[in-house]
Amino acid sequence: MIDTILHFRVVENKDWATVLFVISFATIALTKAAFENRFAEFAKLIYSDKYTNVYKDGSHLNSSFTIALFFVQLLSFAFFIQIALANYGYASKTDWILFLQIITFLIYFVFSKFLIEKIIATAFNIEEVIEQFNLQKVIFRTYIGLFLLPINIILFYYDSFSRDFMTTLISIVLISIVFTYLVSIKNYQKVIFSKLFYFILYLCALEIAPYYFMYYWFTKGIA
């Protein structure tokens, strides 16, 4: 008599990710159609500073263009974080509940930080500086997020890539973020230096401390 051994087949559900990728590209397409000239200048950001010079007023932070692409940026970075965690063996990249947790955390972190920045900027009387500085950061990080989107798609549906590749990619993203951060400071150096003391306090309280505590919490949590 032959014993039959049944093995459960684990089927990974990737439909939710496909829907979100489609929504992301649809958002980009609609934004491009609605703001054709602005999107064209934004696309040249890697080699031209015309966009940052034309749209440098802090009021553009609340524009439909910025908000739509910021939404895509959040999705892109959430996917990138989950794929990175999966590559290092801490999670599954097809876990949609984890994705919800990551993007919820990102939204909570970004908006909490934004509100605290507004309070501190008002207290230090540097609202205009911080608004323009934040707009620059959002512009550059959105640009990085859009570049990551097609890379995320490849990494999500393709399993055979090494940890070394992921480590290199993470390093490139982090270096790009730091570089664009320094560019933002350079673009507003005259205004920043006029209020240097308050800006240093702002950097320590809201640009260094939160990321340090996040790193500390994450490394302790997975140790």
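Figured I'd write up the structure that's included with this text. These figures come from a predicted structure and were not determined experimentally.

1. Let's talk about the overall build of the protein chain
Point 1. Counting its regular elements, the protein chain contains nine helices and zero strands.
Point 2. Shown N-terminal to C-terminal, the secondary structure of the protein chain runs as helices and strands in the order α-α-α-α-α-α-α-α-α.
Point 3. The 223 residues of the protein chain split such that 40% are buried.
Point 4. Contacts spanning at least 24 positions in sequence make up 82% of the contacts within the protein chain whose residues lie at least 6 apart.

2. Section: the environment of Lys 93
Point 1. When you line up the elements, Lys 93 lands in the loop between helix 4 (64-87) and helix 5 (96-124).
Point 2. Using a relative accessible area of 12% as the deciding quantity, one classes Lys 93 as buried.
Point 3. Along the primary structure Lys 93 and Phe 80 are separated by 13 residues, whereas in three dimensions their C-alpha atoms are 9.5 Å apart.
Point 4. Setting aside anything within four residues of it in sequence, one finds Lys 93 in contact with Trp 16, Gln 82, Ile 83, Ala 86, Leu 155, Phe 156, Tyr 158, Asp 159 and Phe 161.
Point 5. Here Leu 155 takes part through its backbone oxygen, which lies 2.9 Å from a polar atom of the side chain of Lys 93.
Point 6. Here the side chain of Lys 93 touches Phe 156 through a polar contact of 3.1 Å, landing on its backbone oxygen.

3. Describing the pattern of salt bridges
Point 1. Summed over all chains, the structure comprises three salt bridges.
Point 2. Note that Glu 41 and Lys 44 form a salt bridge whose closest N and O atoms lie 4.0 Å from each other.
Point 3. A residue is classified by how much of its surface remains accessible, and Lys 44, at 32% relative accessible area, is partly exposed.
Point 4. Where Asp 159 meets Lys 93, a salt bridge forms, and the shortest distance between an N and an O atom there is 2.6 Å. Residue Asp 159 is located in the loop between helix 6 (127-157) and helix 7 (163-187), and its partner Lys 93 is located in the loop between helix 4 and helix 5; the two are separated by 66 residues in the primary sequence.
Point 5. Overlapping salt bridges, with partners in common, bring together Glu 41, Lys 44 and Lys 50 in one network.

4. A look at the nonpolar core
Point 1. In terms of nonpolar packing, the biggest core is built from 44 residues, with Phe 42, Phe 79, Phe 99 and Met 166 touching the most fellow members.
Point 2. Counting residues per element, the ones that place at least two in this core are helix 1 (15-34), helix 2 (36-43), helix 4, helix 5, helix 6 and helix 7.
Point 3. The biggest single contributor to this core is helix 4, with 13 residues.
Point 4. With sequence-adjacent residues up to four places away left out, Phe 79 is seen in contact with Trp 16, Ala 17, Leu 20, Phe 21, Phe 99, Asn 152 and Phe 156.

5. What about the packing of aromatic side chains?
Point 1. Counted under the stated rule, the structure contains 21 aromatic pairs.
Point 2. A centroid spacing of 6.0 Å and a plane angle of 85° characterise the contact between Trp 16 and Phe 156, whose relative ring orientation is edge-to-face. Remark: Phe 156 occurs in helix 6 and Trp 16 occurs in helix 1; sequence separation between them is 140 residues. Each member of the pair Trp 16 and Phe 156 is classed as buried.
Point 3. One aromatic cluster is present, built from ring pairs that chain together Phe 35, Phe 39, Phe 42, Tyr 51, Tyr 55, Phe 65, Tyr 143 and Phe 147.
Point 4. Above the ring of Tyr 55, the side-chain terminus of Arg 38 is found at 4.3 Å from the ring centroid.

6. A closer look at the packing of helix 5 against helix 6
Point 1. At a minimum axis separation of 8 Å, helix 5 and helix 6 run at an interaxial angle of 150°. Taken together, the axis directions place helix 5 and helix 6 in an arrangement best described as roughly antiparallel. Listed contacts from helix 6 to Lys 113, Glu 117, Lys 118, Ala 121 and Thr 122 of helix 5 are Glu 127, Ile 130, Glu 131, Asn 134 and Lys 137.
Point 2. Across the contact of helix 5 with helix 6, the residue classes break down as two nonpolar, two polar and six charged.

What counts and what doesn't
Residues numbered from 1 in each chain as written. Predicted model: local features only at pLDDT ≥ 70, side-chain atom pairs only at ≥ 80, totals over all residues. Heavy atoms only, no water. Helix = DSSP H or I, 4+ residues; strand = E, 2+ residues; numbered from the N terminus. Buried < 20%, exposed > 50% of the residue type's maximum accessible area, 1.4 Å probe, protein only. Contact = heavy atoms within 4.5 Å. Polar contact = N/O pair within 3.5 Å; in protein donor to acceptor, adjacent residues only side chain to side chain. Salt bridge = Lys/Arg side-chain N within 4 Å of Asp/Glu carboxyl O. Core = buried A, V, L, I, M, F, W, Y, C linked by side-chain atoms within 4.5 Å. Phe/Tyr/Trp six-rings, centres within 6.5 Å; stacked < 30°, edge-to-face > 60°. Lys NZ or Arg CZ within 6 Å of the ring centre and 35° of its normal. Axes fitted to C-alpha atoms, helices over the stretch in contact; angles between N-to-C directions. Parallel < 35°, antiparallel > 145°, perpendicular 65-115°, else oblique. Nonpolar A, V, L, I, M, F, W, Y, C, P; charged D, E, K, R; others polar.

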